Amino acid sequence: MKKKTNIMLLLYLTAVLLILAGCGNKPATDPGNAEPAPNTTPSNGSSPSAPDAEKKESQEIEVGYVDSELTQVKTKKAQIEFSNNNEKYTQAFDVMQRSDDPEYISLWSDIGLESLEFHEADGALTLNIHIPDEARLGSGGELLFLDTLKQTMFQFKEIESIQLLVDGKESESLMGHVELENPIVRGTE
């Protein structure tokens, strides 16, 4: 008798688990506002893919560095991928911060990018940066520092000006040696 009860209990638990498992796969809908499910199968018969919202463009750019003797600006080509202008300029800044070639030195490697914003209406690019003490340079280095930024960012025709903020504030000089234009305007570089 006990064996029969155990089998019945086991069958009952199995049935309950199957019912609960089936209920978990049903989408919760409000019967009053039921909408037909969208067709997720492409008409060409291929499998569904990721949404088109993140289409990335690729562009070859020239990035400003300095030579190994820290005397002049040199450019090197790099490939960036982006889905909007802010991402394009952020990618350009990111590439400008690193170099694996000893002939192309990045003066921006220790600089922190706090924020970046492009105003399409007037072509103004605002960069909010943080300069740690170990990244500060003398007057010649500060000039090259600014030149590499202008070389990299002004290649984008839509940028008309660059406003550099240090820790969220306008500054008369980035490192205390060279007067900083607020903003740096294309054509005055």
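Residues numbered from 1 in each chain as written. Predicted model: local features only at pLDDT ≥ 70, side-chain atom pairs only at ≥ 80, totals over all residues. Heavy atoms only, no water.

Looking at an unreviewed UniProt entry, one finds the protein named GerMN domain-containing protein, with Paenibacillus cucumis as its source organism.

Engineer: Any details on the nonpolar core? Residues and values, ideally.
Structural biologist: Across soluble globular proteins, you tend to see nonpolar side chains buried next to one another. Core analysis: the largest hydrophobic core is formed by 39 residues, its most contacted members being Trp108, Ile129, Met153, Ile159, Leu164 and Leu174. Within the residue set of this core, elements represented by two or more residues are β1 (57-66), β2 (73-82), α2 (85-96), β3 (112-119), β4 (124-130), α3 (139-153) and β5 (161-166). (Core = buried A, V, L, I, M, F, W, Y, C linked by side-chain atoms within 4.5 Å. Buried < 20%, exposed > 50% of the residue type's maximum accessible area, 1.4 Å probe, protein only. Helix = DSSP H or I, 4+ residues; strand = E, 2+ residues; numbered from the N terminus.)

Engineer: Residue-level account of the packing of aromatic side chains, with values.
Structural biologist: Applying the stated criterion across every chain, the model contains 5 aromatic pairs. Seen from their ring centres, Tyr89 and Phe118 are 5.1 Å apart, and the 65° between their planes marks the pair as edge-to-face. Residue Tyr89 is found in helix α2, and its partner Phe118 is found in strand β3; the two are separated by 29 residues along the sequence. Comparing Tyr89 with Phe118, the two get one shared label, buried. (Phe/Tyr/Trp six-rings, centres within 6.5 Å; stacked < 30°, edge-to-face > 60°.)

Engineer: Could you give me a rundown of the pairing of β4, with the residues and numbers involved?
Structural biologist: With 5 of 7 residues buried, β4 is to be regarded as a mostly interior element. With 7 bridges joining them, β3 and β4 adopt antiparallel strand pairing. The residue bridging Phe118 from the neighbouring strand is Leu125, located in β4. By the bridge criterion, 6 bridges tie β4 to β5 in an arrangement that is parallel. Residue pairing across strands places Thr126 opposite Gln163, the latter belonging to β5. The parallel pair β4 and β5 is bridged by α3, and the resulting crossover is right-handed. (Pairing = 2+ DSSP bridges. Right-handed = clockwise from strand over helix to strand, strands pointing away.)

Engineer: Break down α3 for me, citing the residues and quoting the values.
Structural biologist: Counted at 1.5 Å a residue, the expected span for α3 with its 15 residues is 21 Å, and the 21 Å between its end C-alpha atoms agrees. Where α3 is buried, its residues contact β1, β2, α2, β4, β5 and β7 (184-185). (Expected span 1.5 Å × (residues − 1). Contact = heavy atoms within 4.5 Å.)

Engineer: Outline α2, listing residues and values.
Structural biologist: Across its 12 residues, α2 extends 17 Å between first and last C-alpha, which sits within 8% of the 16 Å expected from 1.5 Å per residue. All of the buried residues in α2 are Lys88, Tyr89, Ala92, Phe93, Val95 and Met96. Considered in projection along α2, the buried side chains sweep an arc of 165° and stay on one side of the axis. On the buried face of α2, the contacting elements are β1, β2, β3, β4 and α3. Between the side-chain oxygen at the start of α2 and the backbone nitrogen of Asn86 there is a gap of 3.2 Å, and the oxygen is on Asn84. (Arc of directions from axis to C-beta. Polar contact = N/O pair within 3.5 Å; in protein donor to acceptor, adjacent residues only side chain to side chain.)

Engineer: So what's going on with the pattern of salt bridges? Which residues, and what values?
Structural biologist: As enumerated under the stated definition, the model contains 8 salt bridges in all. Close ionic contact of Asp133 with Arg136 constitutes a salt bridge, the shortest N to O distance being 3.7 Å. Given a relative accessible area of 37%, Arg136 falls into the partly exposed group. Each of the salt bridges in this network shares a partner with another, and the network as a whole consists of Lys76, Asp100 and Asp101. (Salt bridge = Lys/Arg side-chain N within 4 Å of Asp/Glu carboxyl O.)

Engineer: Kindly report on the environment of Tyr89, identifying the contributing residues and their values.
Structural biologist: Tyr89 gets classed as buried once you look at its relative accessible area, which sits at 0%. Along the primary structure Tyr89 and Glu117 are separated by 28 residues, whereas in three dimensions their C-alpha atoms are 8.8 Å apart. Not counting residues up to four positions away in its chain, the partners in contact with Tyr89 are Leu116, Phe118, Leu125, Met153, Phe156, Glu158 and Ile159.

Engineer: I'd like a rundown of the packing of α2 against α3, residues and numbers included.
Structural biologist: As a packed pair, α2 and α3 sit with axes 10 Å apart at the nearest point and diverge in direction by 140°. Relative to α3, the element α2 is oriented oblique. α2 and α3 meet at a crossing whose hand is right-handed. Residues Tyr89, Ala92, Phe93 and Met96 of α2 form the contact with α3, whose participating residues are Thr148, Leu149, Thr152 and Met153. Tallied by class, residues from the contact of α2 with α3 come to 6 nonpolar, 2 polar and no charged. (Axes fitted to C-alpha atoms, helices over the stretch in contact; angles between N-to-C directions. Parallel < 35°, antiparallel > 145°, perpendicular 65-115°, else oblique. Left-handed = near helix turned anticlockwise from the far one by under 90°. Nonpolar A, V, L, I, M, F, W, Y, C, P; charged D, E, K, R; others polar.)

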